[in-house]
Amino acid sequence: MTQARIYVAGHHGLVGSAIVRALHAGGHTNIVTRSHRELELTDQAQVRDFFRSERIGQVYLAAARVGGIHANNTYPAEFIYDNLMVQANVVHEAWRNGVHKLLFLGSSCIYPRLAPQPIPEEALMSGALEPTNEAYAMAKIAGIKLCESYNRQYGTDYRSVMPTNLYGPGDNYHPENSHVIPALVRRFHEARVSDAPEVAIWGSGKPMREFLYVDDMAAAGIFVMQLDHALHAASTGPLHSHLNVGTGEDVTIAELARLVAGVVGYRGRIRFDTSKPDGTPRKLLDVSRLTQLGWQAGTPLDEGLRRTYGAFLASGAGADRRAAA
């Protein structure tokens, strides 16, 4: 039996690369990828031509403009425009070309800033969003509703998963636009190399965050994609079709900083800069639905951080900094 051609959008990114690794490990060989240079997903004509010519059977939509608090707060127009366009083009052209199964990857920032903890899927659109990443969150909410709308009107099987904060190999270590774990890995590594007496961390250190190793996320995404349709439908609903993906455990930013410093080997002082924003006070996902369906995360945070630091050192930038020591 011929395997369906699986298109992984965003295969160079943190999540997309992990999905490709997981699909290869599962024996899938018919994987289709395109770099940003080869296919501009915000361009409807390019996306239309791609789906017309490639005979895609399934889609993992992991392509997105992503970043941390600084990037989200500085470039809100780019975050909402680019993500809306990518989602609309890929979902619409997938449907136009007969793709029945698609997995949309969202983000836990879709939930209200002061959502109940842990956050159930039903909390979506029940309150105001965190202002620092509202534009990105609105785009991701639109992506969920896009999939639900095509399912309701056209009978497609487009599913959505909402991962908590992700980290791992393939992350972005940009000094300003990265998420918290890669930012901390880079900052503590450079501080260790330069023997800096202290490292300043944004905010008070009190907010609590949940972190999921990206290869666990990829495994969860494939698990959800392969769920029996009736079982998936029974666990979700036509207007609440998304599933949370996380560990069900969280730590304070202060605890995380100490963990990363320990993994990196930095022994200087950690100072919290309270003039910088904290963001959402707490963001722990209720993962009971996915647990009941039979999936749980398998990588403890300390082990995931060790693997992440190893990947950082093995990367070009990480190797250069290690050599400089």
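See the structure printed just above.
Residues numbered from 1 in each chain as written. Predicted model: local features only at pLDDT ≥ 70, side-chain atom pairs only at ≥ 80, totals over all residues. Heavy atoms only, no water.

A. Expanded view of the pattern of salt bridges. With the rule as written, the count across this model stands at 18 salt bridges. Here Glu78 and Arg65 are joined by a salt bridge, their closest N and O atoms 3.5 Å apart. Here Glu78, found in helix 4 (residues 76-96), pairs with Arg65, found in the loop between strand 3 (58-61) and helix 3 (69-74); they are 13 residues apart in sequence, far enough to count as distant. Residues Arg96 and Glu93 are paired through a salt bridge, measuring 3.0 Å at the closest nitrogen-oxygen approach. Highlighted residues: Arg96 and Glu93, both in helix 4, separated by three residues, approximately one helical turn. (Salt bridge = Lys/Arg side-chain N within 4 Å of Asp/Glu carboxyl O. Helix = DSSP H or I, 4+ residues; strand = E, 2+ residues; numbered from the N terminus.)

B. Looking closely at the sheet that holds strand 13 (residues 282-283). In spatial order, the strands read 11-8-13; together these three strands make up an open sheet with mixed pairing. Bordering the open sheet on either side are strand 11 (251-252) and strand 13, each of which pairs with just one other strand. Alignment of strand 8 (residues 208-209) against strand 13, held across two bridges, turns out to be parallel. The residue of strand 13 that forms the bridge with Arg209 is Lys283. (Pairing = 2+ DSSP bridges.)

C. Representation of a nonpolar patch on the surface. Taken together, the side chains of Ile80, Tyr81, Leu84 and Met138 present a nonpolar region at the surface, about 340 Å² in accessible area. With three residues, the top contributor of residues to the nonpolar patch is helix 4. (Patch = residues over 30% accessible without salt bridge, like charges linked within 9 Å, V, L, I, M, F, W, Y side chains within 5 Å. Areas by Shrake-Rupley, 256 points an atom, 1.4 Å probe, with all protein chains shown as cover.)

D. Focus on the side chain of Arg289. Inspection of the secondary structure puts Arg289 in helix 10 (residues 288-293). Excluding residues that lie within four positions of it along the chain, Arg289 makes contacts with Glu121, Glu122, Ser235, Thr236, His240, His242 and Leu243. (Contact = heavy atoms within 4.5 Å.)

E. Focus on the sheet that holds strand 4 (residues 101-105). Strands sit in the order 2-1-3-4-5-10 across an open sheet of six strands; the sheet is parallel. Each edge of the open sheet is held by one strand with a lone partner, namely strand 2 (31-32) and strand 10 (242-245). Here four bridges tie strand 1 (residues 6-9) to strand 3, and the two strands are oriented parallel to one another. Bridged to Ala9 within strand 3 is Leu61. Lying on the sheet, helix 5 (residues 134-154) is in contact with strand 4, strand 5 (157-163) and strand 10; it crosses strand 5 at an angle near 155 degrees. (Axes fitted to C-alpha atoms, helices over the stretch in contact; angles between N-to-C directions.)

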